[in-house]
Structure formats: C-alpha cells, structure tokens
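Listed below are the residues making up each chain.
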Amino acid sequence: MNNVKPIGIFDSGLGGLTVVKAVNCLLPNEDIIYLADTARFPFGNKSKSTIEKYSLEISDFLISKNVKMIIIACNTASSLGIETVRKKFDIPVLGVIGPGARTAEKVTKNHKVGVIGTRATINSGSYIKALKLVNENIEVFSVPTPLLVPLTEEGWSESEITRKVGVIYLSPLNEKGIDTIIL
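From a predicted model like this one, the values you see are computed outputs, not experimental measurements.

Rules behind the numbers
- Residues numbered from 1 in each chain as written.
- Predicted model: local features only at pLDDT ≥ 70, side-chain atom pairs only at ≥ 80, totals over all residues.
- Heavy atoms only, no water.
- Phe/Tyr/Trp six-rings, centres within 6.5 Å; stacked < 30°, edge-to-face > 60°.
- Helix = DSSP H or I, 4+ residues; strand = E, 2+ residues; numbered from the N terminus.
- Lys NZ or Arg CZ within 6 Å of the ring centre and 35° of its normal.
- Pairing = 2+ DSSP bridges.
- Axes fitted to C-alpha atoms, helices over the stretch in contact; angles between N-to-C directions.
- Contact = heavy atoms within 4.5 Å.

Asker: Looking at this structure, how should I read the packing of aromatic side chains?
Answerer: In this structure the tally under the stated criterion is one aromatic pair. Judged by centre distance (5.3 Å) and plane angle (50°), the rings of Phe43 and Tyr54 are tilted. You can see Phe43 sitting in the loop between β2 (32-36) and α2 (48-64) and its partner Tyr54 sitting in helix α2, a full 11 residues away along the chain. When the ring centre of Tyr54 is taken as reference, the NZ or CZ atom of Arg40 above it lies at 3.9 Å.

Okay, structure coming up:
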C-alpha cells in the first residue's frame, strides 16, 4: 500500500474513535482522516437505502481526500452499506462486523453471545451471520438498544438514566446466560 495516502475512517458519531485509536496503535505511522456524521446521526433509525446513500456520500468525500482504504467504523453502515461502497470503489473497504464476531468467538466460554445495537443493525442479522460463519455452535441473542447511542453521544454514558436503560435492555440477555456481548 502507498503509505503517503491516508486511511479514511467513518462513523455516524463519535464511537468510531475507538477504531481510530486501535488503528493508531497498530499502525502508528499512518495518517488517518476521520469523519463523524453527527449532522445525520444516528444511522440506526434510518432505512437501508438511506444508510447506503449516506455511506456512499461519506466514502465519496473520503475518496476526494485520496484515501488508500476506508474503514467503516459504524455497525449500522457496516451491516447495511458496506457492500454498496465496496461495489463502487476500487480500494479496500473494511467494516467492524467480522472483527467483532471473531473477537466474541475467541472470548466466549459458553458459546452464548449477546448483541446489542441499533434497530437497523440488529434487524439486519449481520452479527448472527458473522458469528455463525466463525462458529456454527454459537448461540446468538440480539436486542435492539436504540436509546443507548444518543445517551452515550450526549455524554451521559455514566448517568443513572443510562444505567437504568441498560438494565432494562440487558435483562433478556442476562436471562439467556450470555458470557460475551457485542456492542
């Protein structure tokens, strides 16, 4: 790869900064362009066609910055927009679904994995498919958690309200005996 060109990374919000941090740790000499689409955030309550459109528009912007690859750090865009982006551009396009599934498979002890995310991500079934690809014996339990993203993006991740919402959302997963959760 051409090391002079930057890596483009995007998310609908600020959560993708965790991916930027990981890339920086693994590839400290790489330049990164990060785009958080906070104007149209959250993606998880949008239609598939809208998510595909947003993913293409953001990717067009990153391509205009001469990136050598794109990392879609958004679970929703990785679930519903990545194939559209891959078809349009002739550079590597990576998402977060596969790596998340492979990591969960490595750490689960009882093969019961929970997945929480936006309605669009959960309804896409992308994590179920990815987890079954790495290990068909994994039981996957998914719960949409639409309030967690806006609460976190507002800086309320440590608030009592968010804790109570989390307890409500996670109760069905706890009842299934999961030992690993993908967020």
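Asker: Looking at this model, I keep getting lost on the sheet that holds strand β6 (residues 139-144). Mind explaining?
Answerer: Strands sit in the order β6-β5-β7 across an open sheet of three strands; the sheet is parallel. Edge positions in the sheet fall to β6 and β7 (180-182), since each of these pairs with one other strand and no more. Averaged over all neighbouring strand pairs, the angle between strand axes comes to 25°, with direction disregarded. In terms of strand pairing, strand β5 (residues 112-117) meets β6 through six bridges, oriented parallel. In the sheet register, Val113 faces β6, and the bridge partner there is Val140. Packed on one face of the sheet, helix α5 (residues 97-107) meets β5 and β7 and runs near 175° to β7.

Asker: Is there a simple way to think about the sheet that holds strand β3 (residues 69-72) in this case?
Answerer: Backbone hydrogen bonds are what pair the strands of a sheet, in a parallel or an antiparallel way. In spatial order, the strands read β2-β1-β3-β4; together these four strands make up an open sheet with parallel pairing. Each having just a single partner strand, β2 and β4 (93-94) make up the two edges of the open sheet. Relative to the sheet, helix α1 (residues 17-26) contacts β1 (7-11), β2 and β3, its axis offset from that of β2 by approximately 170°. Contacts from α2 reach β1, β2 and β3, with the element oriented near 155° to β1.

In short, the description is geometric, and any link to function would need to be established separately.
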